[in-house]
Amino acid sequence: MQDSKFTIIENIRIAKDVFQMRLRGDTAAIGNPGEFVNLRLEGFYLRRPISVCDVEGDVLTLIYKVVGKGTEAMSEMTPGTGLMLLTGLGNGYDLSLSGDSPLLIGGGVGVPPLYLLAKRLLAQGKHVRVVLGFNTADEVFYQDEFRALGCDVTVATADGSCGVKGFVTDALPEDYTYFYTCGPMPMFRALNKAVTTSGQFSFEERMGCGFGACMGCSCQTLFGSKRICKDGPVLKKEEILWTD
């Protein structure tokens, strides 16, 4: 874990209520796809945890949705603004289990961490398929970016306004070697029943401290309660205890 100052170089709207922020700073502590950073915002007590979308040299890309006063304040920040970030948080995805044809499944703002994951898997010579789920067409983002990487991309929208009509479970391919996913809990519950292989879930949880001290975010597993911020956010399918 490292606390560093970053400088915003871009902060643009890319979909309904969704923004892409690019920052320059010390990214040395960022390792695996699926990790997150914790932003300190002036005037707010708790930091904001945001998944790492991409990292190239000293440039970090974050994607966030405006859902409250903190993210609303973020959306109004301009290039040149400095932010303090805790980096190197979370355990990230394990790429060694992917097999030759991994499937990446993202729902809403669960999509961003899959971008860096796709880049790393493609660099290993994997055939990467991506299913992106949203409610409506105006919420869709990054489908072109995934395609530009070389992924096979399918978009699903609940109202059918873009791509497959329905949920990500309605757009799953028949054959894949492993899956990686990030998104809301209802999507996770449905996926757990629909997938045909092992895989990894990256949980979206409200975090207090972001590094395991407060015990405010947890998930019940076969091995006891695990802290999403410290022991996760990525957990393997077989260890999660699902409660309906």
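Everything that follows concerns the structure shown earlier in this document.
Residues numbered from 1 in each chain as written. Predicted model: local features only at pLDDT ≥ 70, side-chain atom pairs only at ≥ 80, totals over all residues. Heavy atoms only, no water.

Looking at the pattern of salt bridges
Going through the model one piece at a time under the given rule, you end up with 5 salt bridges. The salt bridge involving Asp 3 is made with Arg 47; its shortest N-O contact spans 3.5 Å. Remark: Arg 47 occurs in the loop between β3 (36-40) and β4 (48-56) and Asp 3 occurs in strand β1 (residues 2-15); sequence separation between them is 44 residues. Given the relative accessible area of 15%, Arg 47 is considered buried. As a salt-bridge pair, Asp 58 and Arg 24 come within 3.4 Å of each other at their nearest N and O atoms. Highlighted residues: Asp 58 in the loop between β4 and β5 (59-65) and Arg 24 in strand β2 (residues 18-24), separated in sequence by 34 residues. Owing to a relative accessible area of 35%, Asp 58 belongs among the partly exposed residues under this scheme. (Salt bridge = Lys/Arg side-chain N within 4 Å of Asp/Glu carboxyl O. Helix = DSSP H or I, 4+ residues; strand = E, 2+ residues; numbered from the N terminus. Buried < 20%, exposed > 50% of the residue type's maximum accessible area, 1.4 Å probe, protein only.)

Let's talk about unusual backbone geometry
Look at Asp 17: it is not a glycine, yet its phi comes out positive at around 65°. Residue Tyr 142 is not a glycine yet carries a positive backbone phi of 70°. For Tyr 142, the location among the structural elements is in the loop between β8 (129-134) and α3 (143-149). Judged by its relative accessible area of 9%, Tyr 142 is buried.

Geometric descriptors of this kind do not, in isolation, establish any biological role.
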